[in-house]
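So the chains spell out like this:
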Amino acid sequence: MVGIAFIEKMLNLDEARRYRLVTCGEEAHLAYNRVALTDYFQHRSVEKLYLNQVEWYAQQDPERFLFHTSELVTSLDTTAHSITTSKGRVINYDYCVLATGSESTLPSYIPPERAEKTKGVFVYRNISDLEKILAYSEQNHVKGGRAVVVGGGLLGLEAAKAVYDLETIAKVAIVNRQAFPLSRQLDDEGGEIVLRRIEAMGVEVLTKTSVKDITTTSDGVLTGLILSGEQQYDAQIVIYAIGITPRDDLARKSGLKCKDKGGIVVDDSLKTSAPDVFAIGECASWKDNTYGLIAPGVEMADILSFNFTQVETGVGGFKPRQMNMPDLSTKLKLMGVDVASFGDYFADKRIPRGVPRIQKTGIAPYEPLPKSSSNQHTKPSEKPVWEIKVDESNGADGDQSVKSTSNVATTITSSVSISTPSTNEGPPTEAQSERRHTKRHGTAQDGPIECLTYRDPFSFVYKKYIFSADGRYILGGMMVGDTSDYVKLVSLVKKKKAIEDPPSKFIVGSGGKGEEDGADLDDDTQICSCHNVTKAAIGACVQGGIDNIGDLKAKTKVGTGCGGCMPLVTNIFKAEMKKAGHAVSNNLCPHFAMTRQELFTVIKIRNLRSFPQVMESAGVKRDSVGCELCKPTVGSILSSLYNELVVAPSHHANQDTNDRYLANMQRNGTFSVVPRIAGGEITPDKLIVLGQVAKKYKLYTKITGGQRIDLFGAQKQDLPEIWEELINAGFESGHAYGKALRTVKSCVGTTWCRYGVGDSVGMAIYLEERYKGIRSPHKLKGGVSGCVRECAEAQSKDFGLIATDKGWNIFLAGNGGSNPRHATLFATDVPPSKVVRIIDRFLMYYIRTADKLMRTARWVEQFEGGIERLKEIILNDELGICEELEKEMDGLVGTYSDEWNAVVKDPSKRKQFRQFVNTDERLSPMEVIQERGQQRPADWPKQFPPAKMRASAITTPKSEWKWRKMASLQDLNPSDVTTRAGGSSAAVKYGDSQLAIFHVPNKGFFATQQMCPHKRAFVLDHGIVGDDLNGDVYVSCPLHKRNFRLTDGECLNDMEYSIISFDVKQEGQDLLVLLPEFEQLDAVIGTSKWMVKQATAEVMSRGGGQGIEIAPLDESSASHNTGSACGGSGTSCGGNPALDW
């Protein structure tokens, strides 16, 4: 991370283009965010961790920046000013920057040779380590076993959380030498709060002990640990997080001065003992200190890039910057607990109260950078062309690097940035050397100190702030559970600014409510400590025209480190936008100039019943078709109000693909089948039926965390038959496809459990049966636990109940996922007869007022007045609407009907599930492979090359194409505008090619290829048809929302892609499409040509950009396919994360 930070800063500051940067990284991956390593266990996608997306690299001028992955620097010749890589590449340099990071430390009883032979011993440092842990956890002898993390520091807790979330691991333990975890960041009182929170999760923490050795089988399989008291402790996996060692082996071999305990010695200008060689990040030892946090490393990158580019400029010189004692303030979420420490947070341990604080200051001499030879810089070619490919000459691993196809020769100063194992810096860890808590932040008041502490063991909150004795200056502190004031307090410490409020206010707060928008922060307050982004920098970006968070992050890197600053960043950004006169719009979409809540009210008051009525009554343009944002939102509102069947003709075209086909579409274009299993209770006979259906239709079967059984891989045309069999067995839709209630999870409660005090199964079934099928702004999940042992995880659900001996405790607004939130205790000891009405009110008020795609957690967080205000409304009926909310919920509950039952009984609705309307033949959308005894689709490559499909690729000129009947009018079910306002679509087969035909009311018929080139998925007929305010009609791919214009196939939100469109005309009841002979069309868009196969992923994962061949085009069109082989959009939804369903 420090290596890429240095490169970015150099590219930004080197306006004179004096330097050419070349970097080598040992890992196969591009620079990624190690601070977010634990997230990898959730999404398993390294691309989501990339600090810059692939296209950023492809866009760089090769005369300024080249990079090589999977290439280790093996030698550094400081005399010849050159480096040699593992692939024999020799690179000459003028300056060399070492950003080699560090490696995890193993204990002395596990030397390298033993570690290599032992199975089950891991460290937690990079993607490779995580992949090894994931793979090993799937082995049969590990499943259901125990994972032990040795080390209770920052990295140890990160590792513990990662294995805690693995389904294959039943038990997790932490071994910590100290009495409490995080002993380098917290005192004993703060550590105890963290310890209690970890233990409450079911994680065992062994304190005041250490590991002496490990035990293994004869063939080297880990079986356990030997603790310091000779205690044998069973374990199937052990992860060591006991510290890091600077990666200085290359420097030592090259003769650079290094510390005995590790680290490349650097001076105040970050220069090593060798001429023109510098070191930054974890590998650098400055004043006998190495730093395992990202912020000091980024500060080093900042200093060095400044000195390279700003000391001598065309507008005069500038004094070189020098390294100062870095700020070691830290704010992270560990094991679900917010933890922060800032300033001199152990001053009270080091300086007794009443003893004056003595400050020693000194200025180290600086030495300017030596002047390099001044070489003439040649202007590069106007637009270099890039590709990413595998260097096949170096084995299977290859060299996944960007290479310039430009032949322009330049002679400019070059700088080599060597990163081993990659251009990444490590996640938050303890520094290898003992952190020295010397006085880093002097204040205007040197003298005795005083502390204020606050400890709330019930809410797991602890704060300790250290002040000067007169209370005018804050010197440091620590926080557990509540870190909301972190940014403000760090700013006060750094600026040595006298505080205006009494110290007690910092502990107890001001009592203010609402979101923190940074209004009381100075402009130079550091908002993002990872990348040193200030409040003023955010404001300057808004003034410079940036109007969205994505562009702000790209410009400043704010929030791309640990991500903990993003809530405050978002609020400051909104405040700055409002201040600049262009506040962030909350409008639903361009078609409706109002929020979802406002539109909900309009539809309800005016009793609007269909999308055309809504558009005519409240739309910006009364004749608009709508779009992929407003159609599903209006469809959801109509369902929340009237609960009519979503498959009815008047609503069908408004639904996103999942609701349209009453099943979740998977990445290969097939669908999942998820019947409702209320409360997780199921009879043996129903289990047998599920097995029989899965076996008959060859469906992949999985038991989910929501206590039901999912069947994957169902062909669209088989869905009605599958559901007919399930309905006959007593099943009904589980609504896994809808923004509706999914499940209400339960433990067995009093039904079986000897600890149960409440009938959790009965309550869960009642609630699930009551709320099933009710549409809401986002999905809903519930949980019911029969006692305080909380086996149903009710406190992580949108609504949850936990039985007490007096009734039920109600928890609201929790959720898991990428941004988890612990549910809030809303009401205690509620009698069972009162529970349902409270949940009725909560859900109905949420449905009324939340924004589109907003979970209950986010809704409560943004609710004005917060949870206390919500209690007044829901429990005390302050607004006088509780009776109305209850009646509305009763009305919705009374209108329920099973959607799949309606489809199965209606032949016209069953016809909508055909794969092709012109034949019963089938085409497989993706190769199917076998894994663990079941079928699944072949892997997607990590990155597809961009593809612009053009009609000019077809060898026969369009003048020779013929009109061919492909469908009938009845196949698309076109009707009048009141029932089919959104249009209709169907797929047809022509030879080996697949086409999609669309009908858009008042605009006519359109046809395109069926395949979306972004992921090679044959799904476009499933997409929503929309239009923009210019009247351009498009289809939105249901997978990742690439919008293709139906008239010419151009992608409106990703210029890397386009599709082929075809002319359509109607003759009587027939629909004719202008097409060439099918053999010629198959050569360009044939299914077998574009089908993703397992071999495709294997080739492209090694960097082979041509794993799927793009049809050869004529010369005029060829230029559309010469871009980066990995240059596709890095966003999952065409730049709009709100569409990532």
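Everything numeric here is computed off the predicted structure, so don't read it as measured data. (Residues numbered from 1 in each chain as written. Predicted model: local features only at pLDDT ≥ 70, side-chain atom pairs only at ≥ 80, totals over all residues. Heavy atoms only, no water.)

1. Some details on the sheet that holds strand β52 (residues 1064-1067)
Judged by pairing direction, the sheet is antiparallel, and its three strands sit side by side in the order β42-β53-β52 without closing on themselves. Of all strands in the sheet, those with a lone pairing partner are β42 (962-968) and β52, marking the two edges. Strand-to-strand twist across the sheet, computed as the mean angle between neighbouring axes with direction ignored, equals 35°. Relative to strand β53 (residues 1070-1075), β52 runs antiparallel, the two being bridged by four bridges. If you follow E1067 over to β53, its bridge partner there is D1070. (Pairing = 2+ DSSP bridges. Helix = DSSP H or I, 4+ residues; strand = E, 2+ residues; numbered from the N terminus. Axes fitted to C-alpha atoms, helices over the stretch in contact; angles between N-to-C directions.)

2. Points about unusual backbone geometry
Most peptide bonds adopt trans geometry, and most residues besides glycine take a negative phi value. If you check the backbone angles, E793 has positive phi at about 55° while not being a glycine. The exposure class assigned to E793 is partly exposed, which follows from its relative accessible area of 42%. A positive phi is found at A813, a non-glycine position, where the angle reads about 65°. In this fold, A813 is placed in the loop between β38 (807-812) and β39 (824-830). (Buried < 20%, exposed > 50% of the residue type's maximum accessible area, 1.4 Å probe, protein only.)

3. A few points about the packing of aromatic side chains
Within the structure shown, the criterion is met by 29 aromatic pairs. Ring plane angle 70° and centroid distance 5.6 Å describe the contact between W859 and F863, whose orientation is recorded as edge-to-face. Accessibility assignment for this pair places W859 and F863 in one class, buried. Clustering of aromatic rings is evident, with ring pairs tying together F6, Y19, Y95, F278 and F308. A cation over a ring is seen here: R789 above Y755, with NZ or CZ 3.7 Å from the ring centre. Between K1015 and the ring centre of W940, over which it is positioned, the NZ or CZ distance is 5.0 Å. (Phe/Tyr/Trp six-rings, centres within 6.5 Å; stacked < 30°, edge-to-face > 60°. Lys NZ or Arg CZ within 6 Å of the ring centre and 35° of its normal.)

4. Overview of the nonpolar core
L98, Y124 and I280 are the most contacted members of the largest nonpolar core, which has 142 residues in total. I774, L801, I867 and L870 belong to the second largest nonpolar core, which has 63 residues in total. (Core = buried A, V, L, I, M, F, W, Y, C linked by side-chain atoms within 4.5 Å.)

5. Some remarks on the packing of helix α24 (residues 832-849) against helix α27 (residues 882-894)
Packing of α24 against α27 brings their axes to within 8 Å, and their N-to-C directions diverge by 85°. Comparing their axes, α27 and α24 come out roughly perpendicular. In this structure, α24 uses R837, D840, R841, L843, M844, Y845 and R848 to contact α27, whose residues at the interface are C882, E884, L885, E886, E888, M889, D890 and L892. Partitioned by chemical class, the residues of the contact of α24 with α27 number seven nonpolar, no polar and eight charged. (Parallel < 35°, antiparallel > 145°, perpendicular 65-115°, else oblique. Contact = heavy atoms within 4.5 Å. Nonpolar A, V, L, I, M, F, W, Y, C, P; charged D, E, K, R; others polar.)

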